[in-house]
Structure formats: C-alpha cells, structure tokens
Amino acid sequence: MKNLGICVFNSGWVSECFGQAALDAIRHLPVLCSGSTLGSYPAIRKYLTTMLTSMDEVKCWARKRIESDQGYQNYLYYNGHFNTPEGNATVNPQGVGVVNTIGALNGYRVPKELKGPLDTHWKIRDKQGYILNNDGTRSACIHQWDRWESDLIGFVDSGVLYDKQLGVHVKTPRLSKRVAVATLKSNLPAVTVGKSKHQGTSPFSAYASVPIVPVLGAYPTNGIQPLYGKKHQGGDAVFALACKYPKYNFQRFVGSLRKFNYDGDIVLAVSPPNEMRPGVNAYLEKMNVLAYPFGVVCDGKDNCRLKDEFLGYPDPRPYRSFANIRYALYEYWMRHYSDQSYILILDFRDTFFQANPFAGFGYPISSRVPKYDLQVYAENYKVSNTAY
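Residues numbered from 1 in each chain as written. Predicted model: local features only at pLDDT ≥ 70, side-chain atom pairs only at ≥ 80, totals over all residues. Heavy atoms only, no water.

Draft legend 1. How the structure looks around the environment of Leu76. Relative to the elements of secondary structure, Leu76 occurs in helix H5 (residues 69-78). For Leu76, a relative accessible area of 4% corresponds to the buried category. In this structure, the C-alpha to C-alpha distance between Leu76 and Tyr47, residues 29 residues apart in sequence, is 9.6 Å. Not counting the four nearest positions on each side in its chain, Leu76 is found in contact with Thr50, Met51, Ser54, His81 and Phe82. (Helix = DSSP H or I, 4+ residues; strand = E, 2+ residues; numbered from the N terminus. Buried < 20%, exposed > 50% of the residue type's maximum accessible area, 1.4 Å probe, protein only. Contact = heavy atoms within 4.5 Å.)

Draft legend 2. Examining the layout of surface pockets more closely. Space inside the largest pocket adds up to approximately 1,300 Å³. Residue lining of the largest pocket: 48 residues in total, with Tyr245, Phe322, Arg326, Asp347 and Arg349 positioned closest to the centre. Where the lining of the largest pocket is concerned, the elements lending two or more residues are helix H1 (8-18), strand E1 (32-40), H5, helix H10 (308-311) and helix H11 (322-333). The residue makeup of the lining of the largest pocket, split by class, is 23 nonpolar, 12 polar and 13 charged. (1 Å grid on protein atoms, 1.4 Å probe; cavity = no way out; pocket = protein on both sides within 12 Å on 5 of 7 lines; lining within 4 Å. Points joined across faces, edges and corners; volume = space filled by probe spheres on them. Nonpolar A, V, L, I, M, F, W, Y, C, P; charged D, E, K, R; others polar.)

Draft legend 3. How the structure looks around the state of the cysteines. Per the stated rule, a full pass over the model turns up 2 disulfides. Each sulfur of the disulfide joining Cys298 and Cys304 lies 2.0 Å from the other. Taking the sign of the S-S torsion, about 100° here, the bridge from Cys298 to Cys304 comes out right-handed. Of note for the chain: the bonded cysteines, numbered N- to C-terminal, pair according to 1-2, 3-4. (Disulfide = S-S within 2.5 Å.)

Draft legend 4. Broad picture of a nonpolar patch on the surface. Nonpolar side chains collect at one region of the surface, where Val8, Phe9 and Tyr108 lie side by side and expose about 360 Å² of accessible area between them. Counting through the fold element by element, Tyr108 comes out in the loop between strand E3 (99-101) and strand E4 (141-143). (Patch = residues over 30% accessible without salt bridge, like charges linked within 9 Å, V, L, I, M, F, W, Y side chains within 5 Å. Areas by Shrake-Rupley, 256 points an atom, 1.4 Å probe, with all protein chains shown as cover. Salt bridge = Lys/Arg side-chain N within 4 Å of Asp/Glu carboxyl O.)

Draft legend 5. Here's a closer look at the pattern of salt bridges. Within this structure, the stated rule accounts for 11 salt bridges. Here Asp347 ties to Arg326 by a salt bridge, and the two come within 2.9 Å at their closest N and O atoms. Taken together, the residues span a long stretch of sequence, with Asp347 in the loop between strand E10 (342-346) and strand E11 (351-353) and Arg326 in helix H11 at a distance of 21 residues. Judged by relative accessible area, Arg326 falls into the buried class, the value being 11%. One network of salt bridges, in which partners are shared, links Asp146, Arg147, Arg349 and Asp350.

Draft legend 6. Region of the structure containing the pairing of strand E7 (residues 290-293). The alternating pattern of E7 places Leu290 and Tyr292 on one face and Ala291 and Pro293 on the opposite face, and all of these are buried. By the bridge criterion, 4 bridges tie strand E6 (residues 265-270) to E7 in an arrangement that is parallel. Bridging from a neighbouring strand, Ala269 pairs with Tyr292 of E7. (Pairing = 2+ DSSP bridges.)

Draft legend 7. Looking closely at the packing of aromatic side chains. A full pass over the atoms with the stated rule returns 27 aromatic pairs. For the ring pair Phe9 and Trp13, a centre distance of 6.3 Å and an interplane angle of 35° mean the geometry is tilted. A residue pair is termed a helical-turn pair when its members lie 3 or 4 positions apart in one helix, as Phe9 and Trp13 do in helix H1 at 4 residues. In textbook terms, an aromatic cluster arises when at least three aromatic residues are bridged by ring pairs, as seen for Tyr47, Phe82, Phe239, Tyr292, Phe294, Phe310, Phe322, Tyr327, Tyr330, Tyr332, Trp333 and Tyr337. Taking NZ or CZ as reference, Arg138 lies 3.7 Å from the ring centre of Tyr130, over its face. The ring of Tyr319 has Arg305 sitting right over it, with the charged end atom 5.7 Å from the ring centre. (Phe/Tyr/Trp six-rings, centres within 6.5 Å; stacked < 30°, edge-to-face > 60°. Lys NZ or Arg CZ within 6 Å of the ring centre and 35° of its normal.)

Draft legend 8. Local environment of the environment of Gly255. Within the secondary structure, Gly255 sits in helix H8 (residues 247-259). Residue Gly255 is classed as buried on the basis of its relative accessible area, which comes to 5%. Each C-alpha atom of the pair Gly255 and Phe353 lies 8.7 Å from the other, and the pair is 98 residues apart in sequence. Non-local contacts of Gly255, meaning those with residues more than four positions away in its chain, are made with Leu161, Tyr162, Phe250, Tyr283 and Met287.

Draft legend 9. The side chain of Asn100, seen in detail. Along the chain, the position of Asn100 falls in strand E3. Within the structure, the side chain of Asn100 is placed 3.2 Å from the backbone oxygen of Leu132, a separation counted as a polar contact. Not counting residues up to four positions away in its chain, the partners in contact with Asn100 are Gln94, Gly95, Ile131, Leu132, Asn133, Ser139, Cys141, Ile142 and His143. (Polar contact = N/O pair within 3.5 Å; in protein donor to acceptor, adjacent residues only side chain to side chain.)

Draft legend 10. Inspection of the sheet that holds strand E2 (residues 90-92) at higher detail. One open sheet holds the 7 strands; their spatial order is E2-E12-E1-E10-E5-E6-E7, and the pairing between them is mixed. Edge strands, defined here as strands with exactly one partner in the open sheet, are E2 and E7. Direction aside, the axes of adjacent strands within the sheet are offset by 20° on average. Strand direction decides the pairing type here: strand E5 (residues 237-241) and E6, joined by 5 bridges, are parallel. Residue pairing in the sheet places Leu241 in a bridge with Ala269 of E6. Across the face of the sheet, helix H3 (residues 41-58) comes into contact with E1, E10 and strand E12 (374-378) while running at roughly 140° to E1. H8 contacts E5, E6 and E10 of the sheet and is inclined by roughly 165° relative to E6. (Axes fitted to C-alpha atoms, helices over the stretch in contact; angles between N-to-C directions.)

Draft legend 11. Structural detail: the nonpolar core. Counting 50 residues, the largest nonpolar core has Phe82, Phe239, Phe294, Phe310 and Trp333 as the members making the most contacts within it. Looking at which element gives the most residues to this core, the answer is H3, with 8 residues. Sequence-distant contacts of Phe310, that is, excluding residues within four places in its chain, are made with Gly223, Ile224, Tyr292, Pro293, Phe294, Leu329, Tyr332 and Trp333. Grouped together as the second largest cluster of nonpolar side chains are 31 residues, Val98, Cys141, Ile266 and Phe358 included. (Core = buried A, V, L, I, M, F, W, Y, C linked by side-chain atoms within 4.5 Å.)

As structure tokens, this is what we get:
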C-alpha cells in the first residue's frame, strides 16, 4: 500500500510542517490526494475554512518553503479536523467513488514485476477503453491519468471523451428536462438569473446574498467577475485552477464534462485573455465556463500573492505557494452556492471525465436534503505477499 511513511514527498510535507511526531502517528496510513475533494456545500465550507485556517496558523511556507496542500490535508483528516457533529469526512480507496486516482498504480516505487497495463494486469479498463472502478462500473472522474499517458493518450484524444472538431457539447432533450428546476423548497425568495446555454434558470441564487465570512479579510463586494458576462447557476459546481494551459487541456477537462451531460457550473481560474494560449478564449466562452482571470504578483518562484483586483482589496495573506493560494479562490467562489449544492475541487491538467460526477446525488437539486458529506480520495493500492 502506498502510505505516507514511504513517500519522501508526502512524509516531508507532513513532518516539515507539523513535526516528526505528527508524521510518525500517521505514517502507516494511505496517502490522501489533495487534487480531488468532493462534498456537499456545508462540508466543503468546513473543509476550506479548516485548510485556510491551518495554512494561516502553521505558516509552513514562511519557515521552510516546503509546502503542499496535500501535507495539510493528510494531517488534518487523520487528526479529525474535518469531522463535525453533523457528520465525519470519508476516505474513498482508489477505485471507489466518483474520483478514481490511478497514478500510484504506475508509481516508481511499485516493483517492476508488479507493474502492468491497466486492462490486462490491473483489469480496470473495459473493451471500449473506459477506466473502471473496483465494482466494474465506469469511473465518473479520472485523476492522475498522465502517469499512464502512453497507454491512455490515444483514448483520451480519440473523440470519445470530447468533440475534437466542434469543441462544443450539443444538448440532448434529456438534459434540458433534467435542469428545468422551478422553485426552491425553502423559505428564501426565488431569484432568477440570466439563462445559461446548459442549465437554464437557477433557483439557488438567493443563497448568494447570505454572507460567507472569509477566514481572513473582509467580505468581498467589488471583486473580479467571470469573463464573457457569465453568471453562476448556483447548483453543483466543479472548481479548478487552470492557468497557462493549451486548448487541448481544456478540451479534455471541460469538453469531457459537457460530453457526459454535465450542464452545471465549471468554475476555473484562468490566464487573463491577453495571456491565453491560442483558441482557449473562444473555447471557454463557447463551453459556458465561469472563467475568472487570475493574476498574481510574485517574489521568486511559487511565492506569490493575489493581485488587488481579484478580491477587490489587497490580498490579506503574504507571499505564499500556489498550493495555498488556490484555496482562497475556492472560498471566493463558494458564496454563489447553496446547502443543496455539491462541489468537486480538482487538479486540472491530469483529469478527465467519463460521466456526470454529480449524477448519484439526485435531481432535481432542489429535492436534496442538505447534509454533511465530505469525501476525500486515497492514492493507495494493495499488493499481496510483498513488503511494499
């Protein structure tokens, strides 16, 4: 099993920030990937608040400049900091749940004799090439696929996951019916926003008027807005930091989400339009992405602050790593969602989709009963009869 103690990176992130004793207490446990976190709105609010508070208090970036959000996430999860009276966080092993994190299956620490193809050796691909969960169903979201690039690149860019020519998902009648949510089952007044190509009229926007007090700084009232005049729908959402990438990365991530009938919010921090790679600007607009132009000022490599215009006031935090900065972006976006929303936070470059990641939580969204549901994902795999 890939655990914290045997990985030089993860063990370093924990021990350098929280001490050797903290690592020793959890070194035998699976590595939890910070590149994929899923939860209900109350759970993601708790998660973000806990992560940002810990980063602000521990200040690992200021001491050693060895910082990763994954070190924080592993320490905080295994010490119960994401648990609440309303519910506890849950770990999904590799191959279980919405996100299938497959990188560790091909890790350099895996003994050579135990490696093999995803289909014939690990037996997690079907005849059409899709990645499977342990129960034989197709995984909704594939993370760390780039560790298998030679095996998967032909499938990923074949046109099965996204339309390579048009680059735009054409709505199906079933999708249109599913998103026709009329009213909120709550005492809040209904609020109508502009109709989106993919989701229609949103009943959730009333929640945007309920202030979310940031961990640091004032409630933003004059911060940066999405490009192209796009508005948050307020149902479910996928969040990611996606700066400086070429168009094909957006096709794999955004295009596959739309291809598999996800019509909700895709919220990305992207390069300013004048810095985007060819074709990206037009693609984001066509695919109805909530694209926030993201600018930083830096003092050296991976030691940056948000520009003043993002929050509408100076970044209340000092120079720090991108692993830290992106959580302030997620916190900023959360004000547009409701107790019935689910949020999926992801790494961008090494992720694609094979299904709507929120389909299992029920539609219409207004029918959901709010609850605390936080799901994190392990990178572990088990090998029998070895010391690994």
